[in-house]
Structure formats: C-alpha cells, structure tokens
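The residues making up each chain are set out below.
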Amino acid sequence: MNNKNYEIQVSRKPAMLLYKPLLKKAEIIVKEVPEDYLLSGKEIIVDMFHKFDPKEAIGGPQILYTVTRGKIEHVIQERRGTPCIIVFVHTHPVGIVEPSEMDKEIWLKIYEISREYLKADIYFGIHSTSIELPVSEERPPIVSENRIKWKSYTRWHEIAFFDQYANPIKVGLCEW
C-alpha cells in the first residue's frame, strides 16, 4: 500500500463575478477627480455601474442613512428592479487598497442601513490608482483572490473587495 500524502486543494468559488467592461468605467471615473461609485448585479454577476453626484459622497454619520438609502433607490431605479448584489466602492487615490479604521466603521453602518432596506449581498470595494504616468500600453487585468489589478494608458488601477467586517471577498472576472 502506498502511503503518500496527497494535498487536497479546495478552490474557493468567487463570491462575485465582475463583468470585465465595468473596469473601463471605473477607470474613467477616477481619472481626474476620484469619485465613489456603486456596482450591482443579479445572482453573483456584477454587471452594472452606477455613478453619483460627488455631492452625494458619504459625509458624516448624520447623513449616512439618507445618502445610503438614496444610493440604493438610485440603483433600483437604474436596474429597473432590485439587485441581488450591491458593491459600494470608494477611492483611495494613490493609496493602498486596504480599509482604514474609518472605512470599517462606516461599512458596518452602511451594511446595517442597506439590509434594512433590501435583502441583497452587500459588499465594499476600494479603488486605488497610481500617479499619472506617461502614456504607454495597457495591461490586462490580473485577478488575485479579492483584488483586480490592471493598467490603463496612463495609470495602474487596483480594486479590492471586502465584506462588512473588512474580510476579503473572492472575486472573478467574466466577459459573457
């Protein structure tokens, strides 16, 4: 009898699949003045990009409920129905894609508000860019666990995804 030890590898399925063309929209929105945005989808496929007026950015706790609810209503209206998944994305311009302590506190509040309003998977993302670089060739996206990294003509981009407790959420890309 052969007593070799075999390593069993369990592949974790992604919690969400991001429709690849959404990366271009994310790239454009953070090009000059980084802005927050939302992504939404049905089942596990995130297929819609939602832009907001910069004045609707999260300010203080007193307006967090109103702004969060308004953003959710906007997503429902644009989708013409309730999504199964919503991703609140904010930018860390020329920064890292790790949540700050403030991010963690706000995410818990946004999650609670969102779950009062709709039953969907609620996730969070941080989008960071490099400084502007000389124009050069684009690089295709690379997915690693909860992160997607790619290069536009003038910047490196990275988005990382998390749950309400700042635990990494595995992501994949789909093209249809």
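Starting afresh in each chain, residues are numbered from 1 along the sequence in its written order. With pLDDT at 70 or above as the cut-off, local features in this predicted model cover only qualifying residues; side-chain atom pairs require 80 or more to be listed or tallied, and sums for whole chains, interfaces and linings still use all residues. Water and hydrogen atoms play no part in the side-chain values, which are based on all heavy atoms of the structure.

**Quick look at the overall build of the protein chain**
Here is step 1 of the chain: The secondary structure content of the protein chain amounts to 3 helices and 9 strands.
Here is step 2 of the chain: Starting at the N terminus, the α and β elements of the protein chain follow one another as β-α-β-β-α-β-α-β-β-β-β-β.
Here is step 3 of the chain: The buried share of the protein chain, taken over its 176 residues, is 41%.
Here is step 4 of the chain: Counting only contacts in the protein chain whose residues sit at least 6 apart along the sequence, the fraction spanning at least 24 positions is 66%.
Here is step 5 of the chain: Each accessible area is a Shrake-Rupley result for a 1.4 Å probe, and residues are judged covered by the shown protein chains and nothing else. Counting only carbon and sulfur atoms, one obtains 54% of the accessible surface of the protein chain, whose full area is about 10500 Å². Numbered from the N terminus, helices here are DSSP runs of H or I no shorter than four residues, and strands are runs of E no shorter than two. The classification of residues rests on relative accessible area computed with a 1.4 Å probe and restricted to protein chains. Under 20% of the type maximum is buried, over 50% is exposed, and intermediate values are partly exposed. Whether two residues touch is decided by their heavy atoms; if any such pair falls within 4.5 Å, the residues are in contact.

**Details of the nonpolar core**
Here is step 1 of the chain: Put simply, buried Ala, Val, Leu, Ile, Met, Phe, Trp, Tyr and Cys residues joined by side-chain atoms within 4.5 Å make one nonpolar core. Judged by nonpolar contacts, the single largest core of 21 residues is most densely connected at Met16, Leu18, Tyr37, Leu39, Val46, Val87 and Phe161.
Here is step 2 of the chain: Mapped by element, the contributors of at least two residues to this core are strand E1 (16-19), helix H1 (22-29), strand E2 (37-42), strand E3 (45-51), strand E4 (85-91), strand E7 (147-151) and strand E8 (156-162).
Here is step 3 of the chain: Of the residues forming this core, the biggest block, 4 residues, is contributed by H1.
Here is step 4 of the chain: Counting 19 residues, the second-largest nonpolar core is a separate cluster that includes Phe52, Val75, Val97 and Phe162.

**Focus on the pattern of salt bridges**
Here is step 1 of the chain: Each reported salt bridge corresponds to a side-chain nitrogen of Lys or Arg within 4 Å of a carboxyl oxygen of Asp or Glu. Scanning all chains against the criterion turns up 10 salt bridges.
Here is step 2 of the chain: Between Glu27 and Lys24 there is a salt bridge, with the nearest N and O atoms lying 3.3 Å from each other. In this pair, Glu27 and Lys24 both sit in helix H1, 3 residues apart, roughly one turn of the helix.
Here is step 3 of the chain: We classify Glu27 as buried; its relative accessible area is 12%.
Here is step 4 of the chain: Judged by its relative accessible area of 39%, Lys24 falls in the partly exposed class.
Here is step 5 of the chain: Taken together, the shared-partner salt bridges connect Lys24, Glu27 and Glu138 into one network.

**A look at the pairing of strand E5 (residues 121-129)**
Successive residues of a regular strand alternate their side chains across the two faces of the sheet.
Here is step 1 of the chain: By the criterion of burial, E5 is predominantly enclosed, with 8 of the 9 residues buried.
Here is step 2 of the chain: When DSSP finds two or more bridges between two strands, those strands count as paired. Bridge count for E4 against E5 is 7 bridges, and the pairing is parallel. The residue bridging Val89 from the neighbouring strand is Gly125, located in E5.
Here is step 3 of the chain: Between E4 and its parallel partner E5, the chain crosses via helix H3 (residues 101-117), and the hand of that crossover is right-handed. By convention a crossover is right-handed if, when the strands point away from the viewer, the path from the first strand over the helix to the second runs clockwise.

**Focus on the packing of aromatic side chains**
Here is step 1 of the chain: Aromatic contacts are taken between Phe, Tyr and Trp rings whose centres are within 6.5 Å, Trp giving its six-membered ring; a plane angle under 30 degrees counts as stacked, one over 60 as edge-to-face, and the others as tilted. Counting across every chain of the model gives 4 aromatic pairs.
Here is step 2 of the chain: Centroid distance Tyr37 to Phe49: 4.7 Å. Interplanar angle 25°. Geometry classified as stacked. Linking Tyr37 in strand E2 with Phe49 in strand E3, this pair joins segments that are 12 residues apart in sequence.
Here is step 3 of the chain: Under the relative-accessibility criterion, Phe49 is labelled buried at 15%.
Here is step 4 of the chain: Members of the aromatic cluster, each reached through a chain of ring pairs, are Phe88, Trp107, Phe124 and Phe162.
Here is step 5 of the chain: A ring has a charge above it when a Lys NZ or an Arg CZ is no more than 6 Å from the ring centre and no more than 35 degrees off the ring normal. For the cation-ring pair, Lys149 lies above Trp156, with the distance from its terminal atom to the ring centre recorded as 5.5 Å.

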